[in-house]
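Read off the chains here:
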Amino acid sequence: MSAKLSQLEDMLRPVVEGLGYEFWGIDYRSTGRQVLLRLFIDDAADGISVEDCEKVSRQVSGVLDVEDPIQGEYTLEVSSPGMDRPLFRPEHYRAWVGHMVQIKLRMSFEGRRKFKGLLNGMDGDDVAVIVDDHEYLLPFESIEKANIVPVYE
């Protein structure tokens, strides 16, 4: 995790949790002069509504205005993880064992960067995913992005 991500998570997690929501994760993207800060919140019992996102957005905006951790202008988005929820932490991978996942790595591993298969859990610091009857152990620190592949019935 980058220093900026860690700083933002340390600052915003207590705000989200103080409002009674689960802090699912954070996505911070800076491309030139455009900065996007996306927070994912969850509530296992009731789900997340637009009103929940608005409530968290107002509180987080206030903290960001006071602390000013982002230089210049930025866009803040607050969202539920959704059906194609991103996976950020090892506990997310453990909780979603048996589901299809899509994983993109920062660098090539065994000749590829993208993997789509059945999540088989964690093995130490590696994420186990089965692709075409072959189990890959992907280093957790090498994962750039991972999402659940939704199943529509």
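Conventions adopted
Residues numbered from 1 in each chain as written. Predicted model: local features only at pLDDT ≥ 70, side-chain atom pairs only at ≥ 80, totals over all residues. Heavy atoms only, no water. Helix = DSSP H or I, 4+ residues; strand = E, 2+ residues; numbered from the N terminus. Rg over C-alpha atoms; globule rule 2.2 N^0.38 Å. Buried < 20%, exposed > 50% of the residue type's maximum accessible area, 1.4 Å probe, protein only. Contact = heavy atoms within 4.5 Å. Areas by Shrake-Rupley, 256 points an atom, 1.4 Å probe, with all protein chains shown as cover. Lys, Arg positive; Asp, Glu negative; His and termini not counted. Charge placed at Lys NZ, Arg CZ, Asp CG, Glu CD. Core = buried A, V, L, I, M, F, W, Y, C linked by side-chain atoms within 4.5 Å. Pairing = 2+ DSSP bridges. Axes fitted to C-alpha atoms, helices over the stretch in contact; angles between N-to-C directions. Phe/Tyr/Trp six-rings, centres within 6.5 Å; stacked < 30°, edge-to-face > 60°. Lys NZ or Arg CZ within 6 Å of the ring centre and 35° of its normal.

Enquirer: When you look at the overall build of the protein in this model, what are you seeing that I'm missing?
Expert: Looking only at helices and strands, the protein features 3 helices and 8 strands. Along the protein, helices (α) and strands (β) appear in the sequence α-β-β-α-β-α-β-β-β-β-β when read from the amino end. For 153 residues, the compact-globule estimate of 2.2 N^0.38 gives 15 Å, and the protein sits close to it at 17 Å. Burial statistics for the protein: of 153 residues in total, 38% are counted as buried. Sequence-distant contacts, at least 24 apart, represent 53% of the contacts inside the protein between residues at least 6 apart. About 9,100 Å² of surface is accessible on the protein, with carbon and sulfur atoms providing 47% of the total. Placing the 17 positive and 28 negative side-chain charges of the protein at their respective mean positions leaves the two points 6 Å apart.

Enquirer: Where do I start with the nonpolar core in this structure?
Expert: Generally speaking, a soluble globular protein has its nonpolar side chains buried in company with each other. Among the nonpolar cores identified, the biggest contains 20 residues, and Leu12, Ile26, Leu37, Leu39, Val60 and Leu64 are the most heavily contacted of them. With 6 residues, helix α1 (residues 3-18) is the single largest residue contributor to this core. When neighbours within four sequence positions are excluded, Val60 is seen to be in contact with Leu12, Val15, Leu39 and Leu76. Counting 19 residues, the second-largest nonpolar core is a separate cluster that includes Phe40, Leu87, Ile103 and Leu119.

Enquirer: Is there a simple way to explain unusual backbone geometry in this structure?
Expert: Glycine aside, residues mostly have negative phi, and peptide bonds are mostly found in the trans state. Positive phi outside glycine occurs at Asp68, with the angle close to 50°. With respect to the secondary-structure elements, Asp68 resides in the loop between α2 (50-67) and β3 (75-79). Positive phi values are uncommon outside glycine, yet Asp132 reaches one of about 50°. Note on placement: Asp132 falls in the loop between β6 (126-131) and β7 (134-139). A relative accessible area of 74% means that Asp132 is categorised as exposed.

Enquirer: How should I be thinking about the sheet that holds β3 in this particular structure?
Expert: Two pairing modes exist for strands in a sheet, parallel and antiparallel, and in both the strands are linked by backbone hydrogen bonds. Reading across the sheet, the 3 strands line up as β1-β2-β3 and stay open at both edges, with mixed pairing between neighbours. Where the open sheet ends on each side, the last strands, each with one partner, are β1 (22-31) and β3. Adjacent strand axes in the sheet meet at a mean angle of 15° when their direction is disregarded. In this structure, β1 lies alongside strand β2 (residues 34-42), joined through 9 bridges in antiparallel fashion. Looking at β2, one finds that Gly25 is bridged to Phe40. α1 contacts β1 and β2 of the sheet and is inclined by roughly 145° relative to β1. Against the sheet, α2 touches β2 and β3, its axis set at about 145° to β3.

Enquirer: Looking at this structure, I do not really get the packing of aromatic side chains. What am I missing?
Expert: Tallied over the entire structure, the rule returns 3 aromatic pairs. Centroid distance Phe40 to Phe88: 5.7 Å. Interplanar angle 40°. Geometry classified as tilted. With Phe40 in strand β2 and Phe88 in the loop between β3 and α3 (90-95), this pair connects stretches of sequence that are 48 residues apart. Overall, the relative accessible area of 9% leaves Phe40 in the buried class. On the basis of an interplanar angle of 90° and a centroid distance of 5.8 Å, the ring pair of Tyr93 and Phe140 is categorised as edge-to-face. Of this pair, Tyr93 sits in helix α3 while Phe140 sits in the loop between β7 and β8 (143-148), and the two are 47 residues apart along the sequence. The class for Tyr93 is buried, based on a relative accessible area of 1%. Given the relative accessible area of 19%, Phe140 is considered buried. Positioned above the aromatic ring of Trp24 is the side chain of Arg85, whose terminal nitrogen or guanidinium carbon lies 4.6 Å from the ring centre.

Limitation: the analysis is restricted to geometry and does not speak to function.
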